[in-house]
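Coordinate inspection notes
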Amino acid sequence: MKRQTPNKLKILNDPIYGFIQIPNSLIFDIIEHPYFQRLRRISQMGFSNLVYPGANHTRFHHALGCIHLMQKAVRVLRFKQIEITKEEEKALCIAILLHDIGHGAFSHALEHSIVHGISHEEISLKFMKKLNDEFDGKLDLAIEIFEGNYHRKFFYQLISSQLDIDRLDYLKRDSFYTGVTEGNISSDRLIVMMNVNDDQLVIEQKGIYSVEKFLIARRLMYWQVYLHKTGLVAEHMLVNVLLRAKELAEKGDELFASTSLRYFLYNEINQDNFTDETLEMFSKLDDYDILSAIKEWTNHEDKVLSLLSQMIVDRKLLRIEIQKDAFDVDQINKKISKYSKKLNLSEEETNSFVFSQEIKNQAYNSEKPIFILNKKGKLKDIAKASDQFNIQALTKPVIKHFICYPK
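Just so it is clear, the structure is predicted and the values come from calculations on it, not from any experiment.

Here's the deal with the packing of helix 14 (residues 287-297) against helix 15 (residues 303-313)
The geometry of helix 14 relative to helix 15 is characterised by a closest axis approach of 8 Å and an angle of 120 degrees between their N-to-C directions. When the axis of helix 14 is compared with that of helix 15, the two are oblique. As for the relative orientation of helix 14 and helix 15, their crossing is left-handed in sense. Two secondary-structure elements touch here, helix 14 through Ile294, Lys295 and Trp297 and helix 15 through Leu305, Ser306, Ser309 and Val313. Taken together, the residues of the contact of helix 14 with helix 15 sort by class into four nonpolar, two polar and one charged.

Looking at the side chain of Glu89
Along the polypeptide, Glu89 turns up in helix 4 (residues 86-97). If we skip the residues at most four places from it in the chain, Glu89 touches Val74, Arg78 and Ile84.

A short note on the sheet that holds strand 9 (residues 398-405)
Read across the open sheet, the three strands follow the order 5-9-6; overall the sheet is antiparallel. Each edge of the open sheet carries a strand with a single partner, namely strand 5 (319-323) and strand 6 (355-361). The average undirected angle you get between the axes of adjacent strands in this sheet is 25 degrees. Strand direction decides the pairing type here: strand 5 and strand 9, joined by five bridges, are antiparallel. Bridge pairing in strand 9 places Glu321 opposite Ile403. Those strands touched by helix 10 (residues 208-226) are strand 6 and strand 9, and its axis lies near 165 degrees from that of strand 6.

Regarding unusual backbone geometry
The backbone of Asp136 sits at a positive phi, close to 55 degrees, despite the residue not being glycine. Secondary-structure assignment places Asp136 in the loop between helix 5 (120-134) and helix 6 (140-146). A relative accessible area of 67% means that Asp136 is categorised as exposed. For Asp198, which is not a glycine, the phi torsion comes out positive at approximately 50 degrees.

Side note on the packing of aromatic side chains
On inspection of all chains with the given rule, the structure shows 13 aromatic pairs. A ring pair is formed by Phe36 and Phe60, whose centres lie 5.4 Å apart and whose planes are at 55 degrees; its orientation type is tilted. Here Phe60 lies in helix 3 (residues 59-79) and Phe36 lies in helix 2 (residues 34-37), a separation of 24 residues in the sequence. Its relative accessible area of 6% is what places Phe60 among the buried residues. The side chain of Arg40 reaches across the aromatic face of Phe60, ending 3.9 Å from its centre.

Notes on the sheet that holds strand 3 (residues 194-197)
The four strands lie next to each other as 3-4-7-8, forming an open sheet whose pairing is mixed. Of all strands in the sheet, those with a lone pairing partner are strand 3 and strand 8 (379-381), marking the two edges. Strand-to-strand, the axes of this sheet are offset by a mean angle of 50 degrees, without reference to chain direction. Bridging between strand 4 (residues 200-204) and strand 7 (residues 371-373) involves three bridges; their strand directions are parallel.

Cut-offs applied
- Residues numbered from 1 in each chain as written.
- Predicted model: local features only at pLDDT ≥ 70, side-chain atom pairs only at ≥ 80, totals over all residues.
- Heavy atoms only, no water.
- Axes fitted to C-alpha atoms, helices over the stretch in contact; angles between N-to-C directions.
- Helix = DSSP H or I, 4+ residues; strand = E, 2+ residues; numbered from the N terminus.
- Parallel < 35°, antiparallel > 145°, perpendicular 65-115°, else oblique.
- Left-handed = near helix turned anticlockwise from the far one by under 90°.
- Contact = heavy atoms within 4.5 Å.
- Nonpolar A, V, L, I, M, F, W, Y, C, P; charged D, E, K, R; others polar.
- Pairing = 2+ DSSP bridges.
- Buried < 20%, exposed > 50% of the residue type's maximum accessible area, 1.4 Å probe, protein only.
- Phe/Tyr/Trp six-rings, centres within 6.5 Å; stacked < 30°, edge-to-face > 60°.
- Lys NZ or Arg CZ within 6 Å of the ring centre and 35° of its normal.

What follows is the structure, given as structure tokens:
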């Protein structure tokens, strides 16, 4: 019997957009690859589900949403007489599909604990180059666009800018899964209003109010969701758990860990020694490795590790205070001294439970403007084109300070 060729032009059902089409067999094969399937096990919003119970969606969901929006953007631009070849369209879809493939477990926590000096964007690029080798150079153009080296600069703006496909999906998706309606932007309207002027991605004047809503929604989502005080505490506690585990591993203590997690705990990993072997290990590391380790570490003899792990597992998190001004050093030291005695730990160990940092939210960066195209063909920065005083105010970064300590 003749072996039947599998159908690779699949249609997926997404709760945000409805049916999403996989446009070609190459993209289907990339999605099927173990590197990409790992994203099913990487949460999009880390520990935000401790605040919003519905926020359990993954980087896999987000990547598929992005490819759907990219296909829509290409259709809109072609309708407006912007020539985009089939090869360019394929490359754009691959670049946006893989833009987050380098995210580690719980998204950002690994970047600040057991992997140093290399960002998730750099790891994404390493994955793309490895996949390119496996797919015989078919990702060459996608990589060129992803790195911002392609001669058509608006392609890069679709992947990474202040109004890119990434943001158009994650704001709408995160709003849906958290139930925070303030983030529910009109991604369809924004895409329909896209155009290209002098090789720059712009928004037509009719879309100005949608851009205003997008910027305000982004600001609200950051304060209400991404920088929510409980989510902040949980993420910093996770970082502290991993830092403590790494510290114990360096001393030679035996720790429960999966093979992939053990590799990163017992080896010093940075940009200079991030080899192909490291990439393979990273591709096997996901949220499940971290959670299973933390559950087991609740029984570890090291008090700092076990107590922090127990607090995360039981959601008995640290208290947090947020204010405009930096906390006084004496105030922080007094708390360290107080809880050092209370927890029967050294002051150095108590730093895992008492710490202060700052958070920053800048909804709009005028150094990389969103341009509005008026009917006369002139471009204007949204901050100047808008008659809303709020938009101008959003260009200024807002910095707040927080302190965490035991309840």
